[in-house]
Amino acid sequence: MEQHTRDVRGRRRVARVRVFLSYAHRDERLRVELEKHLSPLRRSALIETWNDRRITPGADLDTEIDHHLETADLVLLLISPDFINSDYCYRREMRHALRRHAKGQARVIPIILRPVDWFRTPIGRLLATPRDAKPVTTWQRRDDALLDVATSIRRAAEEIATQRTAAAGKPATARRNPLAPKEHTAVRQKNAAKRRTK
């Protein structure tokens, strides 16, 4: 189901960038706080968000999750020890998201919620948020960390929306997939993490 927002004149608009949140349920409070920081993006109809708490009673869990993973433009992986420990999050949702990322069908953004050794996992090559991959729970002010995350998500969503609009006006042979991921290294993140542990 599409999320709808209304502009300042009360007109209904359809969000342009679909966002899937993959998280361990023990991190639900942090997920809720993050979604609050994403509310300006939803209200401006830049994004629509989806997580498994929106599944209606009686629906098939796996089917619903797979459908929204398959149709998402952005997949946010909320990384924590519980996420890495969860076979469902790690083996099913993360692997599915990374396959789509590798094909240029979606963009995957790791969000480091709590300290965990994630650099040698399959997401270790991706640029994570918050800044320098400093876990959200280690910031002096949690709102500052989540604002940093929301700002990064806004940039990614705006880039996808802009590229999609530009691609729509080009001949089919000249179109480039607007979701094709940019490769980043985690060197800066690793160095920052090392400095914090000294």
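A.B. asks: How should the overall build of the protein be read in this particular structure?
C.D. replies: Of regular secondary structure, the protein possesses seven helices and six strands. Starting at the N terminus, the α and β elements of the protein follow one another as β-β-β-α-α-β-α-β-α-α-β-α-α. Here the protein holds 198 residues, and the buried ones make up 47% of them. Put simply, of all contacts in the protein between residues at least 6 apart along the chain, 69% involve residues at least 24 apart.

A.B. asks: What is the right way to read helix α3 (residues 61–71) from this model?
C.D. replies: Since the α-helix turns once every 3.6 residues, residues separated by three or four places project in the same direction. Taken together, the buried positions of α3 are Ile 65, His 68 and Leu 69. Within α3, the buried residues cover an arc of 105° as seen down the axis, which keeps them to one side. If you check the start of α3, you find a side-chain oxygen 3.3 Å away from the backbone N of Asp 62, and it comes from Asp 60.

A.B. asks: Sorry if this is basic, but what is going on with the nonpolar core here?
C.D. replies: Across soluble globular proteins, nonpolar side chains have a tendency to be buried as a group. One finds Leu 74, Leu 76 and Ile 111 to be the most contacted residues of the largest nonpolar core, which totals 27 residues. Of all the secondary-structure elements, those providing two or more residues to this core are β3 (17–22), α1 (28–37), β5 (74–79), β6 (107–112) and α6 (142–168). Ranked by the residues each element gives to this core, the list is headed by α6, at nine residues. Excluding residues within four positions of it along the chain, Leu 76 makes contact with Val 19, Phe 20, Leu 21, Ser 22, Leu 38, Ile 109, Ile 111 and Ile 153. By size, the runner-up hydrophobic cluster in this structure holds 23 residues, among which are Trp 50, Ala 72, Ile 79 and Phe 119.

A.B. asks: I would appreciate a short explanation of unusual backbone geometry in the present structure.
C.D. replies: In this structure, the amide linkage connecting Thr 129 to the following residue, Pro 130, adopts the cis form with an omega of 0°. Relative to the helices and strands, Pro 130 is located in the loop between β6 and α6. Positive phi values are uncommon outside glycine, yet Ala 45 reaches one of about 65°. Relative to the elements of secondary structure, Ala 45 occurs in the loop between α2 (39–43) and β4 (47–50).

A.B. asks: I would appreciate a short explanation of the packing of α3 against helix α5 (residues 87–102) in the present structure.
C.D. replies: Any two packed helices are characterised by the angle at which their axes cross and by the distance between the axes. Running from amino to carboxyl end, α3 crosses α5 at an angle of 30°, the nearest separation of the two axes being 9 Å. As summarised for this structure, α3 and α5 are arranged roughly parallel, according to the angle between their axes. With respect to the hand of their crossing, α3 and α5 are arranged in right-handed fashion. Contact residues: Asp 62, Ile 65, Asp 66, Leu 69, Glu 70 and Thr 71 in α3; Tyr 88, Arg 92, Glu 93, His 96, Ala 97 and Arg 100 in α5. When the residues that make up the contact of α3 with α5 are grouped by side-chain class, the tally is four nonpolar, two polar and six charged.

A.B. asks: Is there a simple way to think about the packing of aromatic side chains in this case?
C.D. replies: How two aromatic rings sit relative to each other is given by the distance of their centres and the angle of their planes. Applying the stated criterion across every chain yields a total of two aromatic pairs. Its end group placed over the ring of Trp 139, Lys 134 keeps NZ or CZ at 5.5 Å from the ring centre.

A.B. asks: Which parts of the structure should I look at to understand the confidence of the model for the protein?
C.D. replies: Predicted coordinates in areas of low pLDDT are best not read in detail. Residues at a pLDDT of 70 or more form 78% of the protein, whose mean pLDDT is 86. Overall, residues 1–5 carries pLDDT values under 50, and its contacts beyond four positions in sequence, including any with other chains, amount to 21 contacts. Low pLDDT, under 50, characterises residues 172–176; the predicted model gives this stretch five contacts beyond four residues in sequence or across chains.

A.B. asks: Explain the side chain of Asp 148 to me, please; I cannot follow it from the model alone.
C.D. replies: Mapped onto the fold, Asp 148 is located in helix α6. Asp 148 sits in the buried class, given a relative accessible area of 16%. Contact partners of Asp 148, with chain neighbours within four places excluded, come to Pro 130, Arg 131 and Trp 139.

About the thresholds
Residues numbered from 1 in each chain as written. Predicted model: local features only at pLDDT ≥ 70, side-chain atom pairs only at ≥ 80, totals over all residues. Heavy atoms only, no water. Helix = DSSP H or I, 4+ residues; strand = E, 2+ residues; numbered from the N terminus. Buried < 20%, exposed > 50% of the residue type's maximum accessible area, 1.4 Å probe, protein only. Contact = heavy atoms within 4.5 Å. Arc of directions from axis to C-beta. Polar contact = N/O pair within 3.5 Å; in protein donor to acceptor, adjacent residues only side chain to side chain. Core = buried A, V, L, I, M, F, W, Y, C linked by side-chain atoms within 4.5 Å. Axes fitted to C-alpha atoms, helices over the stretch in contact; angles between N-to-C directions. Parallel < 35°, antiparallel > 145°, perpendicular 65-115°, else oblique. Left-handed = near helix turned anticlockwise from the far one by under 90°. Nonpolar A, V, L, I, M, F, W, Y, C, P; charged D, E, K, R; others polar. Phe/Tyr/Trp six-rings, centres within 6.5 Å; stacked < 30°, edge-to-face > 60°. Lys NZ or Arg CZ within 6 Å of the ring centre and 35° of its normal. pLDDT = per-residue confidence, 0-100.

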